[in-house]
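# Architecture at a glance
Listed below, chain by chain, are the residues.
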Amino acid sequence: GRLAGAGDDGGLLVHPGFQHLQLAVDAGLAGQEQRALHERRVVIVTLVNKEGVHIVIGVKRHEVVDAFANADEAKALFKVETLDEALDALEETGILAAITNGAEGSVIVTPSGRINVAAKLVGDVVETTGAGDLYAAGFLYGLTQGFDLESCGELGSLCAGEVISHMGGRPERDLADLADEFGLL
């Protein structure tokens, strides 16, 4: 999934959903990030457009390799009304994306289809600060460990479920122990 690439006529092609974010990507890949790109590491970049929509993407050598957003952010990013329309647009980009949708769980989008993952509650919902970040952290951990995508989503959901069970955006329980309790590690 490239945000931008050369067209047949040498002109720049930018996927319509990313047009307004391309400059932010380029600006976000400065300094330390440039060195990481040359070392073939994935750089995590948070993009915020003028409407305040933010999306977290992993970039490797100027190619988007994954993206994380909630349902509202995904709809706003592609300027569509429904989550299904946003998911369709994400499928067209060819990138791996995980879209969280609160109590409905999450949807992992790949070029070849979607995987629905149920939310995992660890306790009562107290507040949602940090839920998206912890979902992404759990998902990416699973991905780096070679887990299948559904297991990555389940691990992300579990991490998010832990952080929303108390005040504050940092986990209070050891996430490895929690994942082990749930049979995910």
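Above this text sits the structure in question.
Remember, predicted model here, so these are calculated numbers, not experimental data.

### Let's talk about the overall build of the protein
For the protein, the count of helices and strands is seven helices and eight strands. Out of the 185 residues belonging to the protein, those deemed buried represent 42%. Look at the contacts in the protein between residues 6 or more apart in sequence, and 46% of them connect residues 24 or more apart. A total accessible area of about 9,800 Å² is found for the protein, and carbon and sulfur atoms account for 50% of it.

### A few points about helix H6 (residues 149-163)
In this model H6 runs 21 Å from its N-terminal to its C-terminal C-alpha over 15 residues, within 8% of the 21 Å that 1.5 Å per residue would give. Of all the 15 residues making up H6, 11 are buried; the element is thus mostly covered by neighbouring parts of the structure. Elements in contact with the buried residues of H6: strand S7 (106-110), strand S8 (113-117), helix H5 (131-144) and helix H7 (175-181). The N-cap of H6, judged by a side-chain oxygen 3.1 Å from the amide nitrogen of Glu-150 a few residues on, is Asp-148.

### Section: the packing of aromatic side chains
Applying the stated criterion across every chain yields a total of three aromatic pairs. Measuring from centroid to centroid gives 5.5 Å for Phe-68 and Phe-139, while their planes differ by 80 degrees, and the two rings are edge-to-face. Highlighted residues: Phe-68 in strand S5 (residues 63-70) and Phe-139 in helix H5, separated in sequence by 71 residues. The two residues Phe-68 and Phe-139 agree in class, both being buried. Geometrically, the ring pair formed by Tyr-135 and Phe-139 is stacked, given 6.2 Å between the ring centres and 25 degrees between the ring planes. One end of the pair, Tyr-135, and the other, Phe-139, are both in helix H5, four residues apart, so they sit about a helical turn from each other. Among the residues examined, Tyr-135 registers a relative accessible area of 3% and is labelled buried. Phe-139 sits in the buried class, given a relative accessible area of 0%. An aromatic cluster of at least three residues, connected via ring pairs, comprises Phe-68, Tyr-135 and Phe-139.

### Regarding the nonpolar core
The nonpolar side chains of a soluble globular protein tend to be buried, and buried together. Counting 16 residues, the largest nonpolar core has Phe-78, Leu-83, Leu-87, Leu-90, Ala-97, Ile-99 and Val-109 as its most contacted members. Of all the secondary structure elements, the ones that give two or more residues to this core are S5, helix H3 (71-78), helix H4 (83-93), strand S6 (96-100) and S7. Here this core takes five residues from H4, the largest share from any one element. Residue contacts for Ile-99: discarding those within four places in its chain leaves Ala-69, Asn-70, Ala-71, Ala-74, Leu-83, Leu-87, Leu-90, Gly-105, Ser-106 and Val-107. Ranked by size, the runner-up nonpolar core spans 15 residues in total, among them Ala-98, Leu-134, Cys-159 and Ile-164.

### Observations concerning H3
Residue pairs spaced three or four apart in an α-helix point in one direction, given the helix's 3.6 residues per turn. Taken residue by residue, H3 has Ala-71, Glu-73, Ala-74, Leu-77 and Phe-78 as its buried positions. Looking down the long axis of H3, one finds its buried residues gathered within 165 degrees of arc, a one-sided arrangement. Its side-chain oxygen 3.0 Å from the backbone nitrogen of Asp-72, Asn-70 forms the N-cap of H3. Of the residues trailing H3, Lys-79 is marked for its positive phi of about 55 degrees.

### Re the pairing of S6
Counting buried residues in S6 gives five out of five residues, a clear majority hidden from the surface. Residues Leu-96, Ala-98 and Thr-100 point to one face of S6 and Ala-97 and Ile-99 to the other, with burial holding for every one of them. Pairing of S6 with S7 involves four bridges; the strand directions are antiparallel. Across the sheet, residue Ala-98 finds its bridge partner in S7, namely Ile-108. Between the end of S6 and the start of S7, which pair antiparallel, lie five residues, with Gly-102 showing a positive phi angle near 55 degrees.

Definitions and cut-offs
- Residues numbered from 1 in each chain as written.
- Predicted model: local features only at pLDDT ≥ 70, side-chain atom pairs only at ≥ 80, totals over all residues.
- Heavy atoms only, no water.
- Helix = DSSP H or I, 4+ residues; strand = E, 2+ residues; numbered from the N terminus.
- Buried < 20%, exposed > 50% of the residue type's maximum accessible area, 1.4 Å probe, protein only.
- Contact = heavy atoms within 4.5 Å.
- Areas by Shrake-Rupley, 256 points an atom, 1.4 Å probe, with all protein chains shown as cover.
- Expected span 1.5 Å × (residues − 1).
- Polar contact = N/O pair within 3.5 Å; in protein donor to acceptor, adjacent residues only side chain to side chain.
- Phe/Tyr/Trp six-rings, centres within 6.5 Å; stacked < 30°, edge-to-face > 60°.
- Core = buried A, V, L, I, M, F, W, Y, C linked by side-chain atoms within 4.5 Å.
- Arc of directions from axis to C-beta.
- Pairing = 2+ DSSP bridges.

That's the geometry; what it means functionally is another story.
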